[in-house]
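Listed below, chain by chain, are the residues.
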Amino acid sequence: MRYYGELPVNVVRVWSAIVGVEEVQFVDLKVIGTGKSIEGVRADTLTDVPFTKKHKIVFVKGNKKQKFIWDSPEYKKFVYDNKLNETMIQNCIKGVVKTHQGYIITEEK
């Protein structure tokens, strides 16, 4: 079982598409419990842990510390501008790895 935001989902289909100059994986999902289908979601947005918008994610690089509410427009812009991978961010939060692209990433509780 994976999570799309805070929704528990099952992956129904995986497919790839060329976006710009890179190949990106997308998935079609089915929400557990309601059976609702969600199509065309980037695979790197799925997580192993449910996240709500109340979670604050902290990025530290050198002496600079930045906090964002997970999945907010500012968070998404920061992740995009710094070429960060959502799966790697989740791995940092879970403690699987310590850094990603030079950032120490933690969750503020």
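Quantities reported herein were computed from a predicted structural model and do not represent experimental measurements. (Residues numbered from 1 in each chain as written. Predicted model: local features only at pLDDT ≥ 70, side-chain atom pairs only at ≥ 80, totals over all residues. Heavy atoms only, no water.)

Asker: What's the story with the environment of Val 97 in this structure? I'm lost.
Answerer: Mapped onto the elements, Val 97 comes out in the loop between helix H2 (86-94) and strand S7 (99-100). Expressed as a C-alpha distance, the spacing of Val 97 and Gly 62, which sit 35 residues apart in the sequence, is 18 Å. (Helix = DSSP H or I, 4+ residues; strand = E, 2+ residues; numbered from the N terminus.)

Asker: Sorry if this is basic, but what is going on with the sheet that holds strand S4 (residues 37-42) here?
Answerer: In any sheet, the strands associate via hydrogen bonds between backbone groups, in a parallel or an antiparallel arrangement. A sheet is described by the order of its strands in space; here four strands give the open sequence S1-S2-S3-S4, paired in antiparallel fashion. What marks the edges here is a single partner per strand, and that holds for strand S1 (2-4) and S4. Averaged over all pairs of adjacent strands, the angle between their axes in this sheet comes to 40 degrees, without regard to strand direction. Direction of pairing for S1 relative to strand S2 (residues 7-19): antiparallel, over a ladder of three bridges. Among the inter-strand pairings, Arg 2 is bridged to a residue of S2, identified as Val 9. (Pairing = 2+ DSSP bridges. Axes fitted to C-alpha atoms, helices over the stretch in contact; angles between N-to-C directions.)

Asker: Where do I start with the side chain of Asp 28 in this structure?
Answerer: When you line up the elements, Asp 28 lands in strand S3 (residues 22-31). On the basis of relative accessibility, which here comes to 10%, the residue Asp 28 falls in the buried class. Of the polar contacts made by the side chain of Asp 28, one reaches the side chain of Trp 15; its length is 3.3 Å. Not counting residues up to four positions away in its chain, the partners in contact with Asp 28 are Asn 10, Val 11, Val 12, Arg 13, Trp 15, Ile 38, Glu 39 and Gly 40. (Buried < 20%, exposed > 50% of the residue type's maximum accessible area, 1.4 Å probe, protein only. Polar contact = N/O pair within 3.5 Å; in protein donor to acceptor, adjacent residues only side chain to side chain. Contact = heavy atoms within 4.5 Å.)

Asker: Any chance you could explain the sheet that holds strand S5 (residues 56-61) here in plain terms?
Answerer: Reading across from one edge, S6-S5-S8-S7 is the order of the four strands in this open sheet, with antiparallel pairing throughout. Unpaired on one side and paired on the other, strand S6 (64-69) and S7 mark the two borders of the sheet. Sheet topology places S5 next to S6; six bridges connect them, and they run antiparallel. Note on S6: the bridge partner recorded for Val 60 is Lys 65. Strands S5, S7 and strand S8 (103-108) of the sheet are contacted by H2, whose axis makes an angle of about 65 degrees with S8.

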